[in-house]
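Chains, contacts and geometry: an overview
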Amino acid sequence: KKEVQYGPVSPEKRTDPAMEKWRDNRFGQFIHWGLYAIPAGYWKGKYYKGAAEWLKSWAKVPMNEWAKLAEEFNPEQYDPEEWASMAKQMGARYVVLTTKHHEGFCLWPSQYTDFDISNTPYQKDLLKPFVEAYNKAGIDVYFYYSVLDWYHPDWRYALKSEEDKQAFERFKTFTKNQLSELIERYPSVKGFWFDGTWDASWKASGQFSYELEKHMKQLKPGLIINSRMRADEWGSRHFDSNGQMMGDYASGWERKLPTDTSVLHNDWEACMTVPENQWGYHKNWEGHVKTPTELIEMMVRCTALSGNFLLNFGPKEDGSIREEEQLLVKEIGNWMEQYGNAIYNCAYAGLEKQDWGYFTREPGSKTVNMVVCNIPVNKALRIQLPKNLFIQHYEYMGKPLSKLTLEEIGKNEYFIHLGKVKTKQPFVINIQLTSEKTDNGLYQKAKT
Ligand SMILES: C[C@@H]1N[C@@H](c2nc3ccccc3[nH]2)[C@H](O)[C@@H]1O
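This section reports on the structure supplied with the text. Every chain's residues receive numbers from 1 upward, in the order its sequence appears when written. Local features in this predicted model are restricted to residues of pLDDT 70 or higher, and side-chain atom pairs are both shown and tallied only at a pLDDT of 80 or more, whereas totals for entire chains, interfaces and linings draw on every residue. As a rule here, side-chain values come from all non-hydrogen atoms in the structure, and water together with hydrogens is ignored.

**Overview of the site of the ligand**
For the record, the criterion: Proximity is defined per residue: if any heavy atom of the residue lies within 4 Å of a molecule or strand, that residue is considered near it. Under the rule applied, a polar contact is a pair of N or O atoms within 3.5 Å (in protein, one hydrogen donor and one hydrogen acceptor; residues adjacent in sequence only if both atoms are side-chain atoms). Calculation of accessible area relied on Shrake-Rupley with a 1.4 Å probe; when residues are assessed, cover is drawn exclusively from the protein chains displayed.
Residues in contact with the ligand, as listed here, are His32, Glu53, Trp54, His101, His102, Tyr144, Trp193, Asp195, Trp198, Glu254 and Trp279. His32 is positioned such that a nitrogen or oxygen atom in its side chain is 2.7 Å from an oxygen atom of the ligand. Taking Asp195, its side chain carries an N or O atom lying 2.7 Å from a nitrogen atom of the ligand. Coverage of the ligand by the protein amounts to 74% of the 390 Å² it exposes when considered alone.

Laid out in structure tokens, this is it:
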């Protein structure tokens, strides 16, 4: 065990109401919006296939040229009420919006930089109406904030000289000032999603990130901060040098999902793009665009492993939402309307995973949700229960199933026979578990 002075600030599994609400939310909307939405993946007529919010880097654009984009940023179609109503329709219970991405441009009028919304034709604060609209829709607001800042003259990737160290001290003060400013200006914010914290300079600032997390939680008790914000004094990120998670939930799951129950030890969240790797708006998505069904299954997998799923949207420069994302709002929204109870407030059910899909369960409930994503060729859904549990009741809410029959096929082992099924989306079967074996003729031989 190593001596770690600047590791976790809060306990690993907070039980306060704010953290319980974070867990209950389960499904969130990520929004990446900034100057990068203007060029949208093209620079001087050339197409760049990399992530659009990184275009400055791919096209090697000098900052004084990139910063000129602020002179044309004027999102006249920006309508946060419309965004919030779409998020509500989709069933998102929280939202994470980029206040400042790696480009350093701030969507709010910051007193600590001139590279912000006040120096654009639009001028007005974008965050205030956003926070109001989403809160009014009952959706919790979180702020994404990139430590990495390509615009700020005192940003350093590494601390190689005394000059670097002095510059980075100024940069850390700037960072603390901006974060305090965001909490003070928008006090209903529920937490921060830090990014851009992989460089040596930040890894050498473990004590600072420890004290910054403490400072922010003193400014706003209950604040929720992701593990990506943190390094310890040894440069270990997300988890300190003794493996203790820093921050309030593990946020290393970017465009990838966990596959086993080892994640259960901590709260965690996976963030996901609709195309393979685009967060900011790109005019032409290349390659595979995930379908609503794929994204629904990812969300279910996260819930089944007690994690959150954060689905990304990249609004256009004018503030409008692209067609593909509008389709997701509708399709995912329909599914959540019918089956959201298998997601919200749910978590790992404690049952052995089966190939046909996922079990989810509201902690402490006797009802287990079977979210069926892959109908077996024999149309029989296998269930293996722990030895002291039995199925007392089972039902399907919704239409696609004609009838279900339950067959006991072994010790605490069952088949649910589906009969005729017609469905295009995953569906949910509820089973009631009981701890005593009731023989109410439920276990009739299956009529297959
Ligand atoms: C949530 C995502 N994190 C940013 C990002 N930058 C990266 C640089 C290297 C490897 C992964 C990265 N993810 C992406 O731009 C997006 O904001």
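**Concerning the side chain of Ser209**
Rules: Helix and strand definitions follow DSSP, with helices as H or I runs of at least four residues and strands as E runs of at least two, each counted in order from the N terminus. For each residue, the accessible area found with a 1.4 Å probe, counting protein chains only, is set against the maximum for its type, and the residue is called buried under 20%, exposed over 50%, and partly exposed in between. In this description, contact between two residues means that some pair of their heavy atoms is separated by no more than 4.5 Å.
With respect to the helices, strands and loops of the structure, Ser209 is situated in helix 8 (residues 206-219). Owing to a relative accessible area of 0%, Ser209 belongs among the buried residues under this scheme. Engagement of the side chain of Ser209 in a polar contact is seen with the backbone oxygen of Gly206, the distance being 3.1 Å. Within the structure, Ser209 has its side chain in polar contact with the backbone oxygen of Ala231 (distance 3.1 Å). Filtering out sequence-adjacent residues up to four positions away, Ser209 remains in contact with Trp202, Met229, Arg230 and Ala231.

**What to know about the pattern of salt bridges**
Oppositely charged side chains may form a pair once their charged atoms are brought near each other. Put simply, the rule is: The term salt bridge refers to a pairing of a side-chain nitrogen on Lys or Arg with a carboxyl oxygen on Asp or Glu at a separation within 4 Å.
In this structure the tally under the stated criterion is 24 salt bridges. One salt bridge in this structure joins Glu81 and Lys136, with 3.3 Å as the shortest N-O distance. With Glu81 in helix 4 (residues 80-90) and Lys136 in helix 5 (residues 127-136), the pair connects residues that are 55 residues apart, well separated along the chain. On the basis of relative accessible area, Lys136 is assigned to the exposed category, the value being 65%. In this structure, the salt-bridge partner of Glu331 is Lys330, at a minimum N-O distance of 3.5 Å.

**Comments concerning the sheet that holds strand 10 (residues 308-313)**
To keep things clear, this is the line we draw: What makes two strands pair is DSSP finding at least two bridges between them. Simply put, an axis is a line fit to the C-alpha atoms, just over the touching stretch for a helix, and the angle between two N-to-C directions goes from 0 to 180 degrees.
Pairing is parallel across the open sheet formed by 8 strands, whose spatial order is 7-6-5-4-1-10-9-8. Looking at which strands have only one partner, the edges of the open sheet turn out to be strand 7 (224-225) and strand 8 (250-254). Sheet contacts for helix 10 (residues 323-339): strand 1 (27-31) and strand 10; angle to strand 10, the most-contacted strand, approximately 150°.

**Examining the pairing of strand 6 (residues 191-195)**
Our working definition: With the strands aimed away from the viewer, a crossover counts as right-handed if its path from the first strand over the helix to the second runs clockwise.
Across the 5 residues that make up strand 6, a large majority, 5, are buried. Burial of the side chains of strand 6 extends over both faces: Gly191, Trp193 and Asp195 are buried on one face and Phe192 and Phe194 on the other. Relative to strand 6, strand 5 (residues 140-146) is paired through 5 bridges, and the arrangement is parallel. Counterpart to Ser146 in the pairing with strand 6 is Asp195. Between strand 5 and its parallel partner strand 6, the chain crosses via helix 6 (residues 162-185), and the hand of that crossover is right-handed. Inspection of the sheet shows strand 6 paired to strand 7 by 2 bridges, in the parallel sense. Pairing of Gly191 across the sheet is with Ile224, part of strand 7.

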